[in-house]
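Okay, here's what each chain looks like letter by letter:
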Amino acid sequence: MEAGRKTDENKYVKYNKQRSKSRANEIDVQDIKSSGIKSKRKTQIVRLLKYFIPYIPLILLSLLFALLINVSVIVRPYIIKYIIDDYLAVGKYDMRVFRLAGIGYFLIVVMGASFGYFETYILTYVGQKIMYDIRNQLFNHIQTMSMRFFDRNSSGRILTRVTNDVEALNELFSGMVVNVIRDFIMIVGIFGAMFTMNVTLTFITMISIPLIVIVTYIYRKAARKNFLKMKSLIGRINGFLAENIAGMRLVKIFYREKEKYEELLKLDKEYFATSLREVMLHGLGRPLMEIINTITIAFLIWFCIDKIGLGQIEVGVIYAFVTYSRQFFEPINDLADKYTSIQSAIISAERIFEIMDNTEDVEDFDKGLRIESLTGRVEFKNVWFAYNEDEWVLKNVSFVIEPGESVAFVGPTGSGKSTIISLIARFYDIQKGQILIDGKDIREYNLRDLRRQISVVMQDVFLFSGDIKSNIRLKNYSITDEDIKKAAQLVSADKFIESLPRKYDEEVKERGVTFSAGQRQLISFARAAAFKPSIFILDEATASIDTETEQAIQKAMSNISGGKTTIIIAHRLSTIKDCDKIIVIHKGRIREIGTHSELLEKGGIYSQLYYKQLWSQA
């Protein structure tokens, strides 16, 4: 039956892959297509800047510090120029003035450094807070997505959005915006200081600006294209690693380590080449700016040599212009360096907002009829459902499960049994027909309340890191420790739990790797029992449990499901003989309905499956 569920899921994945080609639903495809839309990029920048709004007072304070830092930087060359032209160049050696100038210069440097420290602290705090907000907002949104979204996007790619892409915003929010403003103010301040000293030399210094614009334009186009490829590759690598670490047991069983290593090596080589290209592009930026700066200074000095001899330009002015020219290129270099981070941040923002803007797959947990409990009557009325268009998994399916009944679904692999369970819990919506619980269409119920009334025990049990109690309670603190113990006793899990050193506080490592498959299954049963649902669903739940434990589970289920509707999908037909009703599904249609003895008398599909299993066990 597990294979049946996988077949259904594979159909859905295939369906969504086909849809993604026409609708560009894959996140990375959307990233590449969106890269050419300038208006969209501007929108992303505006959206990113909106995250600063709650922190405007701190941003304004950091801007004040930035302004004071700029003043301290611009004033320093002017002090040196003043000493050279007004004292040293004319032979005046006033030690009192020199001492005051030195002390003033030192105090200005200290003040600039102090302001820099406070500015860095404030901006780092703001940046980390904004990243904290985005990460929580993104994860909260992901949790509201339907199963369609998770079928369509690998866990590695989703993980990349929450980790790598959010982290890429770090530098942007940790001061980049303020520093860009500070650099701009610095450039304006430098030009202002130069204009007050010598207009001609200022225009000579500005001849480098066209070269800077050309270099920046060429770099921008090359860098963005490369960044898109890098982001796509890191998502693929994370997806590959997440998938293969989860499936490491299978890799080892079939001795595929070498092949998987080569597969990763191919991805890694491509990522290495792309990363190296990014480093080369980034490394060229500053040297090119330094060359332009050096050429500008050389031309400035060449122009001034004759003027100094003629007394038309003072030495201090030349010193100030050379210093200002270097200071002018420092923010230019910073802006060039920051451009790399800005590109990375914008691309990451596009990928993050691609998920946040996805409302088609969002489940609405607020609307719908609120319910406290259900009697558990389930009815399918002429239900048609398909993962791929016109490839129906369920065809005109109709049946009724009365409150308190135990009903089993059986059938060959891929017949649609596990799909029925997914539809009852509204993981997917049907195309035709109706699914009713207690006489109401399940689409009318509040989704959170509906799922609260359903407990599912699956063959592939998932346990979270923590302890046994937390895995049974799942942070539902209305379930007391006593409730947990009672639930464990009902499903015969208490024996093995009580034998552990820390009992219910025993540590559970990732996915419960320290427990056997049967022990994990027992914890899963205890979890389902502790939530006291109206409907129990057992999807191959006893497949990983030995015969003795299975017998105890069967007895326990008769206790905990008293008055509760129980739906079972089982591979071992011997475990469902006592069910009130058995429904046989074949090729998406219901073929037989009846009790165990009634279906054996018919000699149909169920009878064939049962005796085939019986003979294979003989």
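Refer to the structure above for everything that follows.
Overview of the structure. (Residues numbered from 1 in each chain as written. Predicted model: local features only at pLDDT ≥ 70, side-chain atom pairs only at ≥ 80, totals over all residues. Heavy atoms only, no water.)

1. Overview of the packing of helix H4 (residues 56-88) against helix H5 (residues 95-143)
Their axes nearest at 8 Å, the elements H4 and H5 cross at an angle of 160°. The pairing of H4 with H5 is recorded here as roughly antiparallel in orientation. With respect to the hand of their crossing, H4 and H5 are arranged in left-handed fashion. The class makeup of the residues in the contact of H4 with H5 is 26 nonpolar, four polar and two charged. (Axes fitted to C-alpha atoms, helices over the stretch in contact; angles between N-to-C directions. Helix = DSSP H or I, 4+ residues; strand = E, 2+ residues; numbered from the N terminus. Parallel < 35°, antiparallel > 145°, perpendicular 65-115°, else oblique. Left-handed = near helix turned anticlockwise from the far one by under 90°. Nonpolar A, V, L, I, M, F, W, Y, C, P; charged D, E, K, R; others polar.)

2. Notes on the sheet that holds strand S4 (residues 432-437)
Strand order in the open sheet formed by four strands is S2-S1-S4-S5, and the pairing between neighbours is antiparallel. Bordering the open sheet on either side are strand S2 (391-401) and strand S5 (440-441), each of which pairs with just one other strand. Across seven bridges, strand S1 (residues 378-388) lies against S2 in antiparallel orientation. Along S2, the bridge assignment pairs Val 378 with Ile 401. On the sheet, helix H14 (residues 417-424) packs against S1, S2 and S4 and is oriented at approximately 110° with respect to S1. (Pairing = 2+ DSSP bridges. Contact = heavy atoms within 4.5 Å.)

3. Some thoughts on helix H7 (residues 155-168)
Look at H7: 19 Å from first C-alpha to last across 14 residues, which is about the 20 Å you get at 1.5 Å a residue. At Arg 161, H7 shows its maximal kink, close to 35°. Residues of H7 that are buried: Gly 156, Ile 158, Thr 160, Arg 161, Val 162, Asp 165, Val 166 and Ala 168. (Expected span 1.5 Å × (residues − 1). Bend = angle between axes of the 7 residues up to and from the residue. Buried < 20%, exposed > 50% of the residue type's maximum accessible area, 1.4 Å probe, protein only.)

4. A word on the packing of aromatic side chains
If you walk through the whole model with that rule in mind, you get 15 aromatic pairs. Look at Phe 65 and Phe 115: their rings are 5.7 Å apart centre to centre, the planes differ by 20°, and that puts the pair in the stacked class. Placement of Phe 65 in helix H4 and of Phe 115 in helix H5 is noted, with a sequence separation of 50 residues between them. The structure contains a cluster of three or more aromatic residues connected by ring pairs, namely Phe 65, Phe 115, Tyr 117 and Phe 118. Taking the ring centre of Phe 353 as reference, the NZ or CZ of Arg 47 above it sits at 3.9 Å. Over the ring of Trp 384 we find Lys 432; its NZ or CZ atom is 5.1 Å from the centre of that ring. (Phe/Tyr/Trp six-rings, centres within 6.5 Å; stacked < 30°, edge-to-face > 60°. Lys NZ or Arg CZ within 6 Å of the ring centre and 35° of its normal.)

5. Observations regarding the pattern of salt bridges
With the rule as written, the count across this model stands at 14 salt bridges. One salt bridge connects Asp 165 with Arg 161, and the closest N-O pair in it is separated by 3.7 Å. Highlighted residues: Asp 165 and Arg 161, both in helix H7, separated by four residues, approximately one helical turn. Assigned by exposure class, Asp 165 and Arg 161 land together as buried. (Salt bridge = Lys/Arg side-chain N within 4 Å of Asp/Glu carboxyl O.)

6. Points about the packing of H5 against H7
Packing of H5 against H7 brings their axes to within 10 Å, and their N-to-C directions diverge by 170°. Between H5 and H7, the angle falls in the class roughly antiparallel. Note on element contacts: H7 touches H5 through Ile 158, Arg 161, Val 162, Val 166 and Glu 167, opposite Met 131, Ile 134, Arg 135, Leu 138 and Ile 142. A class-by-class count of the residues in the contact of H5 with H7 yields seven nonpolar, no polar and three charged.

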